[in-house]
Structure formats: structure tokens, C-alpha cells
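Now for the letters of each chain:
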Amino acid sequence: MFFRMIRGTFTKQLGKMLLIAFTIALGASLATAMINVMMDVGNKVNAELKTYGANITVSPKGASILSDLYGVEEGTGDDEFLSEEALPKLKTIFWSYNIVDFTPYLKGRVTLDESDVMLVGTWFDHHMETPSGESLDTGMREMKTWWDIEGEWLTDDDDDECMVGIGAAQKYGIAAGDTITVNKGGSSAEYTVKAVFDTGSDEDDYIYTTLKAAQELFGRQGLISSIEVSALTTPDNELSKRAAQDPQSLSAADWETWYCTAYVSAICYQIEEAIPDCSAKAIRQVADSEGAILEKIQLLMILITALALIGSALGIMNLVAASVMERSQEIGLLKAVGAHDIQVIGLVLTEIMLTAVLGGVLGYIAGMGLAQIIGMTVFSSSIAITPVSMPLVAVLVLCVALIGSIPAIRMLVKMNPTEVLHSN
Amino acid sequence: MADKSKSVTAQDNEDILVLEGVSKIYGELKALNNVDLKVKKGEWVAIMGPSGSGKSTMMNIIGGMDKASEGRVILDGMDITKESAKSLTNIRRDKIGLIFQQFHMVNYLTAVENVMVAQYYHSMPDEEEALQALDRVGLKERAKHYPSQLSGGEQQRVCIARALINYPKILLADEPTGNLDETNENVVVEIFRQLHNEGSTIIVVTHDPEVAAVAERTIVLEHGRITKNIINHNDYSKPINLRDYEGLSDEMLLGKG
Ligand SMILES: Nc1ncnc2c1ncn2[C@@H]1O[C@H](COP(=O)(O)OP(=O)(O)OP(=O)(O)O)[C@@H](O)[C@H]1O
Ligand SMILES: [Mg+2]
């Protein structure tokens with residue numbers, strides 16, 4: 001009987017029910033899209049923000065003291081080194097998944113045309129296996145995406161080639177395709193210039209080659225002088241600032257919280273734990289802004305989701321109320337015949353819930369499409385669909401339907417059979 | 001279901017309905033003004049009176065759809081003026097059959113389904129029994145028809161079948177024939193006669209003097225007060241033909257007495 005009555009409503013008020021389903025579908029689709037984008041946005045924004053480069057530099061302990069004291073980097077390059085073998089350890093720290101890229105540097109002065117120039121060996125697109133068995137591509141190319149390259153990026157196999165900064169290129173009259181010879185102490189090396197790059201910073205005066213070529217030239221096999229790390233971090237707060245000054249000053253509980261939160265200071269601390277005799281320093285402004293931007297974007301999306309859901313709840317409020325109004329005679333009759341308020345509410349809510357399920361399913365499907373459109377237009381890549389988004393959207397849709405039915409339910413309860421049944 | 005209401009039963013065993021000093025006050029207006037009324041089990045009572053005299057108000061209060069401002073209403077031994085809205089719904093469901101001037105049917109349900117709705121909220125829908133009820137009002141053939149496919153008279157007969165389906169203690173009909181032509185009016189009154197012979201208690205509000213005259217007793221309401229109580233002497237052993245009834249004359253209804 002209950003089922004027959006429900007079916008009856010759907011045939012009689014099909015248009016209204018479809019409109020309710022459509023309104024719910026609109027809200028659900030936006031919510032689905034936003035939730036999925038939000039869950040995936042960490043990766044997306046991260047990929048975007050990597051273009052801003054490293055946010056942590058790791059250098060040998062002694063070197064960092066020197067450079068801190070004298071504000072010079074150049075003199076230290078020859079004195080202190082890290083082991084190249086320590087690099088995979090970066091991916092063993094607690095927050096290893098937040099380390100999205102890193103690259104080692106081996107820096108030193110070389111002679112070119114009888115004047116001094118800085119030569120840097122690094123990874124460009126290095127493939128490595130981490131201790132946890134994960135395979136990983138990392139290197140400078142991904143971290144310096146804003147570099148303006150004339151020619152082609154080096155690869156890790158181009159041991160006989162180099163990239164020259166625009167400053168050095170102009171000074172020595174070098175163009176892509178030229179061959180240059182550099183000297184270091186007794187040894188010398190000949191590189192073909194594969195590209196000239198423009199960064200707008202100090203690196204414009206440098207020459208870059210592969211890590212292997214630099215180690216050979218400097219006679220420093222297996223050694224590096226610093227590492228640049230790009231890590232995804234949580235914005236600093238009072239706790240992380242205290243911790244950055246002195247982690248030992250925290251209480252055990254605070255320390256635990258700090259250690260298990262992706263603050264840049266916590267990540268630095270963990271890097272120092274993992275790599276012996278190193279000093280990890282945050283390049284603070286960049287690290288802060290990455291986390292802050294991410295949080296702002298997520299907040300924005302939560303707001304959009306909330307607004308979409310509120311909007312659709314308000315939208316159906318009117319529709320559900322109108323549908324109940326239209327049926328006031330029928331409802332009054334049911335009450336007169338002996339239906340309790342709760343039974344009539346159950347009947348109406350069941351209809352709305354069925355409609356909401358229909359709208360929710362349609363909205364979810366549309367939302368997944370919308371997420372991909374957002375992914376493509378905003379991030380130029382597809383959005384990974386998060387499985388939890390389905391139950392989450394289902395719960396949200398049912399809440400919307402419930403909230404949207406509140407005015408109608410209040411009307412239902414107030415509806416007096418005598419008034420409806422005697423009116424002509 | 002306090003013991004107090006039970007004690008009321010003991011003294012008036014015969015009366016299915018007792019109104020004691022019932023008033024209904026809307027601001028300045030006394031729609032019902034200190035009404036006393038007793039209806040015996042199995043009685044057939046008609047209520048007449050000018051428009052606005054409080055007939056529907058009284059029916060709504062008896063039917064538990066409205067609350068009296070003052071006084072007591074004792075239905076089947078229970079003082080319903082003290083009951084909550086929820087238990088009034090139960091009382092209505094279990095003890096009262098309602099018929100209105102408008103033929104209120106759920107228009108997306110068939111005739112038999114409309115009868116079954118009342119069963120559904122009472123206990124269990126039973127199609128067999130619903131069909132029997134339709135048979136009683138002569139509509140078995142039309143059981144699968146929708147309201148839009150039924151005439152006004154037929155719809156009202158479905159409503160009567162629905163009002164009867166749960167064996168109510170009392171049948172309340174507010175102008176059941178108000179929207180019907182003479183033929184259908186006669187059909188409805190004839191159904192009432194049969195119900196009366198089977199022992200049903202019937203209270204019917206009407207503007208029609210003939211329909212009023214067919215009842216055992218006619219009560220006249222004016223300005224919320226009962227002004228007349230007329231006993232009619234009718235023979236209920238054979239089918240009723242309304243044409244044979246004179247109808248209560250205006251003098252009888254309005255004259256001093
Ligand atoms: N909800 C209400 N609020 C205020 N006044 C009301 C209300 N319901 C009824 N009344 C008034 O109470 C009086 C009695 O109304 P009621 O409906 O009982 O009359 P009636 O005898 O059934 O009339 P009719 O023959 O026209 O159906 C009328 O004056 C009416 O205006
Ligand atoms: Mg009336």
C-alpha cells in the first residue's frame with residue numbers, strides 16, 4: 001500500500017519530482033567535483049608549486065656553519081661534502097611522501113678562458129629506486145621549470161655536454177653548439193654546449209653539467225656539496241616556530257604532534273636525522289606560501305561545496321513545500337482516516353529520499369565529469385577520483401534532502417484535516 | 001484511558017456519545033455555545049441549522065479533529081477532550097468513520113485502493129474485505145476505476161465504503177449529499193438505512209429537509225446552541241424513497257417549541 005502510494009505520487013507529480021531531483025543533482029555534482037578536486041589538489045597544486053623550486057637546502061654541517069657565519073658559499077665548496085649514497089635516505093623519513101623532488105649539487109670554481117667561473121654538477125632527470133622499493137624520477141629539470149632554455153635540457157647521460165647561463169655565455173661569447181674547455185687544477189674537460197639558459201638570478205653566471213662529469217673533473221667521486229629539496233609542507237604555526245628554534249624544548253606530546261605534522265622544520269629535522277652530519281635549512285618564504293596556498297585553495301573549495309549544497313537545499317525547500325501544498329487535501333484526508341503525523345512524514349520523506357537518490361546518482365556521475373573538466377582546464381591533468389567521495393556525497397545529499405524537507409514537514413504537522421477537508 | 005473516563009461509562013451505558021456543556025470560542029464568536037447532547041448506540045441523528053450555526057464545528061469536535069474550548073466530549077466512554085493529538089488520531093482511526101461534502105479521494109489510487117488506505121493506517125490492507133465494502137455500496141464493478149473515472153455519486157459511495165471499512169463505533173457525515181443529485185442522494189440515504197438496521201450509529205449534518213426527516217431524530221443548531229430536538233417516526237423496514245418524505249417544515253424547524 002505504502003509502495004502504491006509512493007508510486008502514485010511519482011506518476012502524479014513527476015514534473016515536480018524531476019525538478020527536485022535536478023536541483024539535488026546540481027548540488028551533488030558540484031560537491032562531487034569539489035571533493036574530488038580537493039582530495040587530488042594536493043598533488044595538483046604540488047605539481048604547480050614545484051615550479052617555485054626548492055624549499056629546503058641540505059648542506060654538510062661544517063659548511064653551513066661557515067656560510068652562516070660569513071654569508072659565503074663559494075669558499076666552502078672545496079672543504080665539506082656529503083656522500084652521494086645518502087640521497088636515497090631522503091625517501092626514508094617519516095614525511096617521505098611529502099618530498100616531491102630533490103637534486104644534489106657538486107659545485108666548484110673552474111677556469112675558462114683564464115678567468116674563474118662556477119661549475120655545477122647535478123641530476124637533471126635522474127631515475128632511482130628508493131630503499132622502500134619505490135621507483136622515482138627526480139632532478140633539477142622538474143624543480144626549475146621556469147628556467148628559460150635556449151636549446152635542450154641536459155639529461156643524466158650527457159657527460160660530455162653542458163648548459164651555460166646567459167651571463168657567462170655573454171661574457172665568454174658562447175652559444176649553443178659551441179665547445180668549451182674548462183680546467184680545474186691539473187685536469188681539464190671539454191663540453192659541448194647543449195643549451196643557454198636564463199633564470200634571472202645568480203645561476204646565470206654558472207655552467208651546469210652532469211653530477212658524474214663534475215665529480216670526475218673535481219676528482220670527488222661519490223661526493224656532493226649540497227642538496228636542494230622540494231617538499232610539500234604545512235604552514236607554520238606557533239608550535240612549529242617554537243620547534244624550529246629548539247625541538248628539545250617541546251613537551252613530549254607537543255614534540256610528537258610537531259614531528260608527525262609536515263611542518264618544514266619537522267621535515268628538516270627528519271632529514272638531519274636521516275643523513276649524517278648534514279644541516280637542513282628551510283628557505284622559509286617559499287615553503288610557507290606553498291602550504292598556505294594549498295590551504296586557501298582547499299578552503300575555497302569547501303566554501304564552494306557548502307554554498308552549492310546550501311543552494312540546493314534552499315532550492316528544494318520551495319519545491320518540496322509546493323508539492324506538499326498541492327497535496328494538502330490528500331494529506332488532510334490521510335490524517336482524517338487515521339494516519340499519524342509521523343506516518344505522513346514518512347511517506348513524504350520516502351518520496352523525497354528516493355528523488356534525492358536519483359538526483360544524487362545523476363549528480364555524482366556529472367560531478368566526476370565536472371572534476372575532469374576542472375582538472376583539464378585548471379591543472380591540465382585528470383583528477384584521480386577518490387573512493388570516499390561516493391559515501392561522502394551520499395551522506396551530503398541525504399542531509400540536503402532532509403534539510404530541504406524541513407519546512408514541508410513543519411507544514412505537514414500543522415496541516416489540520418478539518419481546514420483542508422471542508423474548504424470548497 | 002484514565003479510570004475517571006471509565007467511570008463515566010458506567011453511568012451512561014447506552015450513550016455512545018455525550019456532549020456536556022461544549023463550547024467552541026473563536027475570539028468574540030461562540031461557534032458552539034454550551035451544547036449538551038446525548039446520542040444512543042445505534043441511533044440515527046440528523047443535524048440541521050443555518051449556515052454558520054456551528055454544525056461542522058460540532059462534527060469536528062466529535063470527530064477528534066478539533067478541540068472544544070470548554071466542556072467534555074465522551075465518546076464510547078472516553079473523555080476525548082483531554083486526549084493528545086496523537087491519541088485523537090488513534091481514536092479517529094479506531095472509532096470514527098468520516099464522510100464529507102467533498103468526495104475526498106486520493107486521485108492516483110483506484111476505488112478499492114482508496115478504501116484500503118483506511119485499512120492501511122488502521123491495521124492491514126485487505127483487498128478482499130475492501131471489495132466487500134465496495135459491494136455493499138454497489139460499486140464492486142468499479143473497484144479498479146480511478147476517481148476521475150467515477151461520477152460524484154459513485155465517489156461519495158467509495159468514501160462511505162472507506163468510512164465503514166474499519167467498523168467504526170460512529171459514522172459522522174457532514175453534508176454527505178450536498179453535492180449530489182436526487183438519485184444519488186437517495187442511494188446514500190438508502191445505504192444509511194441499511195447501516196442503521198445493522199446497528200450503526202449515524203450522525204449526519206444536512207441542509208436537506210428530506211434527508212433530515214429520514215433520521216430518527218433531528219437536532220437544530222442556531223448560533224451555536226441546540227434549539228430543537230425533533231423525534232421522527234419512520235419505518236426502516238423497507239427501502240427509502242425520499243419523495244415519500246415531506247421534509248421537516250420551516251415552522252417545525254424554526255418555530256418556538
Ligand atoms: N477556524 C476558524 N476560525 C474562526 N472562526 C471559525 C473557524 N471555523 C469556523 N469558524 C466560525 O464558526 C462559525 C461556525 O462555523 P461552522 O463551519 O461550524 O458552520 P456550519 O454550521 O457548518 O455552516 P455551513 O452550513 O455553512 O457549513 C462560523 O461563523 C464560522 O465563521
Ligand atoms: Mg459546515
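Preceding this paragraph is the structure being described.
The sections below set out a description of the structure shown in this document.

Calculation notes
Residues numbered from 1 in each chain as written. Chains lettered and ligands numbered in written order. Predicted model: local features only at pLDDT ≥ 70, side-chain atom pairs only at ≥ 80, totals over all residues. Heavy atoms only, no water. Helix = DSSP H or I, 4+ residues; strand = E, 2+ residues; numbered from the N terminus. Buried < 20%, exposed > 50% of the residue type's maximum accessible area, 1.4 Å probe, protein only. Contact = heavy atoms within 4.5 Å. Pairing = 2+ DSSP bridges. 1 Å grid on protein atoms, 1.4 Å probe; cavity = no way out; pocket = protein on both sides within 12 Å on 5 of 7 lines; lining within 4 Å. Points joined across faces, edges and corners; volume = space filled by probe spheres on them. Arc of directions from axis to C-beta. Polar contact = N/O pair within 3.5 Å; in protein donor to acceptor, adjacent residues only side chain to side chain. Near = heavy atom within 4 Å. Areas by Shrake-Rupley, 256 points an atom, 1.4 Å probe, with all protein chains shown as cover. Nonpolar A, V, L, I, M, F, W, Y, C, P; charged D, E, K, R; others polar. Core = buried A, V, L, I, M, F, W, Y, C linked by side-chain atoms within 4.5 Å. Patch = residues over 30% accessible without salt bridge, like charges linked within 9 Å, V, L, I, M, F, W, Y side chains within 5 Å. Salt bridge = Lys/Arg side-chain N within 4 Å of Asp/Glu carboxyl O. Lys, Arg positive; Asp, Glu negative; His and termini not counted. Charge placed at Lys NZ, Arg CZ, Asp CG, Glu CD. Phe/Tyr/Trp six-rings, centres within 6.5 Å; stacked < 30°, edge-to-face > 60°. Axes fitted to C-alpha atoms, helices over the stretch in contact; angles between N-to-C directions. Parallel < 35°, antiparallel > 145°, perpendicular 65-115°, else oblique. Left-handed = near helix turned anticlockwise from the far one by under 90°.

This part covers the overall build of chain B. Across its full length, chain B carries nine helices and 10 strands. In chain B, which comprises 257 residues, the proportion classed as buried is 57%. At a minimum sequence separation of 6, the contacts of chain B that also span at least 24 residues come to 69%.

Further remarks concern the pairing of strand β1 (residues 56-60) of chain A. For a regular strand, side chains alternate in direction, first toward one face of the sheet and then toward the other. Residue and element names in this part refer to chain A. Among the five residues that make up β1, four are buried, leaving the element largely enclosed by the rest of the structure. With three bridges connecting them, β1 and strand β13 (residues 226-231) associate as antiparallel partners. Among the inter-strand pairings, V58 is bridged to a residue of β13, identified as I227. Across five bridges, the pairing between β1 and strand β14 (residues 278-282) is antiparallel. Each bridged residue has a counterpart across the sheet, and for I56 the counterpart in β14 is A282.

Moving on to empty space enclosed by the protein. Applying the stated rule across the entire model yields four cavities of 30 Å³ or more. Surrounding the largest cavity, 13 residues form its lining, V337(A), I96(B), L98(B), R162(B) and A163(B) being those nearest its centre. Secondary-structure elements contributing two or more residues to the lining of the largest cavity are α11 (328-337) of chain A together with α3 (85-95), β6 (96-99) and α6 (152-164) of chain B.

Time to look at helix α5 (residues 127-136) of chain B. All names here are of chain B. Inspection of α5 places A130, A133 and L134 among the buried residues, and these make up the whole buried set. Summarising the axial view, the buried residues of α5 lie within an arc of 100°, below the 170-degree limit, and thus occupy one face. Those residues of α5 hidden inside the fold are in contact with α4 (111-122) and α6. Where α5 starts, the residue carrying a side-chain oxygen 3.0 Å from the main-chain nitrogen of E128 turns out to be D126. G138 lies just past α5 and shows a positive phi near 75°.

Residue and element names in this part refer to chain B. Near ligand 1 there are 13 residues, and of these S51, G52, K55, S56 and T57 occur at the shortest range. Contact between ligand 1 and G52: an oxygen atom at 2.8 Å from a main-chain N or O atom of the residue. For ligand 1, the accessible surface in isolation is 640 Å², of which the surrounding protein chains cover 60%. Listed by contribution, the elements that provide at least two residues to the shell around ligand 1 are β2 (29-40) and α2 (55-62). The leading source of residues in the shell around ligand 1 is α2, at three residues. Considering only residue class, the shell around ligand 1 consists of four nonpolar, seven polar and two charged.

All names here are of chain B. In the Ramachandran plot, N34 falls in the positive-phi region, its phi being about 55° despite a non-glycine side chain. As for its placement among the helices and strands, N34 is situated in strand β2. Residue N34 is classed as partly exposed on the basis of its relative accessible area, which comes to 46%. One non-glycine residue with positive phi stands out, namely E175, at about 50°. Residue placement: E175 occurs in the loop between β7 (170-174) and α7 (182-197).

All right, on to the nonpolar core then. Core analysis: the largest hydrophobic core is formed by 98 residues, its most contacted members being W44(B), L134(B) and F192(B). Non-local contacts of L134(B), meaning those with residues more than four positions away in its chain, are made with A111(B), V112(B), V115(B), L139(B), K140(B), A143(B), V158(B) and A161(B). If you look at the next biggest cluster of nonpolar residues, it comprises 49 residues, including A189(A), V193(A), I207(A) and C268(A).

All right, on to a negative patch on the surface then. Among the surface-exposed residues, D125(A), D137(A), E142(A) and D157(A) lie close enough to one another that they form a single negatively charged patch. Judged by relative accessible area, E142(A) falls into the partly exposed class, the value being 42%.

Opposite the 29 residues of chain A that make contact, chain B presents 27 residues. Counting across the interface, chain A meets chain B through six residue pairs in polar contact (both at pLDDT 80 or more). Across the side of chain A that touches chain B, the residue classes tally to 12 nonpolar, 11 polar and six charged.

What follows concerns the pattern of salt bridges. Residue and element names in this part refer to chain B. Following the criterion strictly, the structure yields 25 salt bridges over all chains and no others. Notably, a salt bridge pairs D15 with K40, separated by 3.4 Å at the nearest N-O pair. Taken together, the positions of D15 in strand β1 (residues 15-26) and K40 in strand β2 put the pair 25 residues apart, joining distant regions of the chain. The exposure class of D15 is buried, given its relative accessible area of 11%. Its relative accessible area of 40% is what places K40 among the partly exposed residues. The partner of E182 in a salt bridge is R243, with the nearest N and O atoms 3.6 Å apart. Placement of the pair is E182 in helix α7 and R243 in the loop between β10 (225-231) and α9 (250-254), with a sequence separation of 61 residues. A residue is classified by how much of its surface remains accessible, and R243, at 68% relative accessible area, is exposed. A single network of salt bridges, built from pairs that share partners, joins E20, R72, D79 and K82.

By convention here, two paired aromatic rings are described through the distance between centres and the angle between planes. All names here are of chain A. Counted under the stated rule, the structure contains 17 aromatic pairs over all chains. Note on W147 and Y208: the rings are 5.4 Å apart at their centroids and 70° apart in plane angle, and the pair reads as edge-to-face. A residue pair is termed long-range when its members are at least 10 positions apart, and W147 in the loop between α4 (140-143) and β7 (148-151) and Y208 in strand β11 (residues 206-210) qualify at 61 residues. On the numbers, 4.7 Å between centres and 20° between planes, the contact of W255 with Y259 is stacked. Placement of the pair is W255 and Y259 together in helix α8 (residues 252-259), with a separation of four residues, close to one helical turn. We classify W255 as partly exposed; its relative accessible area is 22%.

So, on to the pairing of β1(B). All names here are of chain B. Of all 12 residues that make up β1, nine are buried, and the element is covered over most of its length. Here eight bridges tie β1 to β2, and the two strands are oriented antiparallel to one another. Of the residues in β2, the one forming a bridge with L19 is L37. Hairpin remark: β1 followed by β2, antiparallel, with two residues in the connecting loop; positive phi at G27, about 60°. Sheet topology note: the β1/strand β4 (residues 70-75) ladder contains five bridges and is antiparallel. Paired with S23 across the two strands is E70, which belongs to β4.

In this fold, N241(B) is placed in the loop between β10 and α9. Judged by its relative accessible area of 33%, N241(B) falls in the partly exposed class.

Here the focus is the environment of E129(A). Residues and elements named next belong to chain A. Relative to the elements of secondary structure, E129 occurs in strand β5 (residues 126-129). For the pair E129 and P88, spaced 41 residues apart in sequence, the C-alpha to C-alpha distance is 7.9 Å. Ignoring anything within four residues of it in the chain, the contact list for E129 reads E134 and S135.

Glancing now at the packing of helix α1 (residues 2-12) of chain A against α4(B). Two elements in contact, α1(A) and α4(B), have axes whose closest approach is 10 Å; the angle formed by their N-to-C orientations is 130°. Considered as vectors, α1(A) and α4(B) are oriented oblique to each other. For the pair α1(A) and α4(B), the crossing hand works out as left-handed. Here α1(A) contributes F2(A), R4(A), M5(A) and R7(A) to the contact with α4(B), which in turn contributes E113(B), M116(B), V117(B), Y120(B) and Y121(B).

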